[in-house]
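Report on the structure
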Amino acid sequence: MSAEVKEKEPLFSPKNLKLIKTPINLSNPITVQVLGICSALAVTAKLMPAIVLSISVVVVMAASNVVVSLLRNGIPPRIRIIVQLVVIASMVILVDQVLKAFVYDVSKQLSVFVGLIITNCIIMGRLEAFAMSNKPWPAFLDGIGNALGYGIILIIVAFFRELLGSGTLLDIQVIPDGFYEFGYKNNGLMILPPMALITVGVIIWVQRFYTRDLIEKN
Amino acid sequence: MYTNGYIFRYAAIMVIIAAALLSTAAMLLKPFQERNIAIDKMGGILTSAKIPDVDASNAMSLFNKYVKEEIVINENGDVVESYTDGRMEDGKAFKIDMKKELYKKSQGEPYELPLYVIEEGGKKLYIIPLRGIGLWGPIWGNMALSDDFNSIIGVTFAHKGETPGLGAEITTDIFTKQFIGKKIFNDQNEFMSIMVVKGGAEKLPENQRIHGVDAITGGTITCNGVNDMIKDILDSYLPYLQKNR
């Protein structure tokens, strides 16, 4: 199949690369489209779950985008949402089972959040908006791009929340004991959901400051 | 245009394929998952008894090295079975499903509970598995008692889905190390359990401080769950503990 595509356009043509790049910045699912906020609030209190969840979302999103894209000509429009849900749910259960079998410690940490990938609106949004009307390879790239855009924000938020909230990164203490002796205290508010929202807000602010294209022209 | 017949056939076939795929995956992966769960259980038991350097790769061999006896007790505190020879993971105690037994207890039916005996440095430690309810789902763990059946040597906790950074902190050393050296009976031999209280043991009357630990800020419901779990489980073991003290 790849040979066939190559004749028409190279695998990583500028157009295809754009599918990966745009969602990371210009149409980032979290900061620009404001999708998937719920999980961004829930799993970002610690860095490790955020990283593993991002990887899981990349896998689920790429796989379900490809599957739906392969099926796109046979899916009856009237039950397309149900078909998409079945695909996503199956992928998520597979990922969960594999995590439990081979990286049990990580799966213990993630616990319910893997199951909650099913409810991540980004995945269904991309299936509906992109995979249903595009070929498998672009759909694959689109899935990776959007999942990365989502994951990057998740990891940035988790980095600050764990650093300021618990004084650790990946459960390793990074703020020296000396700071605490001088009266420095971990900010307990950082590990509560509201600060995740504020952190996301700050990221949106910074992103808009550097990406002028995002600013609305009245 | 898609006919109704096509839609029904499409849905039926899709569901069958998805079901077949998922059940195959579940069946193929089940042995690995069960092994992981068993290893995790052994790791918890060993860690609560302060056996150093336990990890997933050596838990099984260390478990067989340190655990000398697996006891099954009934609701009257009598020993039903004592398993000392052979592979420890094959013992009846190790296979007991705490969830089922605690359900039987809540229904007023007879039940059986496991107890593990670890020998280290010539001293016997008794490990009681714990199981209870947190905020979002089950919480469980192990409590190692010294041979006076009163002082706590160590505890471990685990959970299915407590909030990261809040309730999930019950698994951290900062929380669990508070339990070391606490006592479950007072000087009058009354059962006191361990109280998880806001503000820590200092908030309790002086004579109760040896039974109290500090709860986690923002994890109140999980900590209440830990408190209730310890109380309920120790209560189930109470007949045995009192007979042997």
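Quantities reported herein were computed from a predicted structural model and do not represent experimental measurements.

Per the secondary structure count, chain B includes six helices and eight strands. Going from N to C terminus, chain B has its helices and strands arranged as α-α-β-β-α-α-β-β-β-β-α-β-β-α. When the backbone C-alpha atoms are referred to their principal axes, chain B occupies close to 80 × 45 × 40 Å. Residues classed as buried in chain B amount to 47% of the 245 residues present.

At the interface, 24 residues of chain B touch 28 residues of chain A. Across the interface of chain B and chain A, roughly 2,400 Å² is buried in total on both sides, 69% from carbon and sulfur atoms. Sorting the residues of chain B by area buried against chain A places Y2, Y10 and P164 of chain B first, and these three jointly supply 22% of that buried surface. Between chain B and chain A we count one salt bridge in total. In this structure, the connection of chain B to chain A is made through six residue pairs in polar contact (both at pLDDT 80 or more). Of the residues belonging to the side of chain B that touches chain A, the class tally is 16 nonpolar, five polar and three charged.

Looking now at helix α5 (residues 80-102) of chain A. Here α5 of chain A contains 23 residues, and its C-alpha end-to-end distance of 33 Å stays within 8% of the 33 Å for a straight helix at 1.5 Å per residue. Among the residues making up α5 of chain A, those that are buried are V83, Q84, V87, I88, S90, M91, V92, V95, Q97, L99 and A101 of chain A.

Here we come to the nonpolar core. Within the largest apolar cluster, 50 residues are counted, with the highest numbers of intra-cluster contacts made by I30, L53, V60 and I117 of chain A. The dominant element in this core, judged by the number of residues it contributes, is helix α9 (residues 136-166) of chain A, at nine residues. Among all residues touching V60 of chain A, those that are not within four sequence positions of it are I88, M91, V92, V95, I117 and I123 of chain A. In terms of nonpolar packing, the next biggest core, distinct from the first, is built from 37 residues, I71, I128, V155 and M229 of chain B among them.

Take the sheet that holds strand β3 (residues 112-120) of chain B next. Think of a sheet as strands paired side by side through backbone hydrogen bonds, with each pair either parallel or antiparallel. All names here are of chain B. Strand order in the open sheet formed by six strands is β2-β1-β3-β4-β5-β6, with antiparallel pairing between adjacent strands. The outermost strands of the open sheet, each flanked by one partner alone, are β2 (79-83) and β6 (152-159). Neighbour-to-neighbour, the strand axes of this sheet turn through a mean angle of 20°, independent of strand direction. As paired strands, strand β1 (residues 67-74) and β3 are joined by seven bridges and run antiparallel to one another.

All names here are of chain B. Direction vectors running N to C along helix α1 (residues 4-48) and helix α2 (residues 59-66) enclose 50°, while the axes themselves pass 9 Å from each other. As judged from the angle between their axes, α1 and α2 are oblique. Considering only the axes of α1 and α2, their crossing is left-handed. Only A59, M60, L62, F63 and Y66 of α2 make contact with α1, whose side of the interface consists of R35, I39, M42, G43, I45 and L46. Along the lines of polarity and charge, the residues of the contact of α1 with α2 split into nine nonpolar, one polar and one charged.

What counts, and at which threshold
Residues numbered from 1 in each chain as written. Chains lettered and ligands numbered in written order. Predicted model: local features only at pLDDT ≥ 70, side-chain atom pairs only at ≥ 80, totals over all residues. Heavy atoms only, no water. Helix = DSSP H or I, 4+ residues; strand = E, 2+ residues; numbered from the N terminus. Buried < 20%, exposed > 50% of the residue type's maximum accessible area, 1.4 Å probe, protein only. Contact = heavy atoms within 4.5 Å. Buried area = accessible area lost by both parts, 1.4 Å probe. Salt bridge = Lys/Arg side-chain N within 4 Å of Asp/Glu carboxyl O. Polar contact = N/O pair within 3.5 Å; in protein donor to acceptor, adjacent residues only side chain to side chain. Nonpolar A, V, L, I, M, F, W, Y, C, P; charged D, E, K, R; others polar. Expected span 1.5 Å × (residues − 1). Core = buried A, V, L, I, M, F, W, Y, C linked by side-chain atoms within 4.5 Å. Pairing = 2+ DSSP bridges. Axes fitted to C-alpha atoms, helices over the stretch in contact; angles between N-to-C directions. Parallel < 35°, antiparallel > 145°, perpendicular 65-115°, else oblique. Left-handed = near helix turned anticlockwise from the far one by under 90°.

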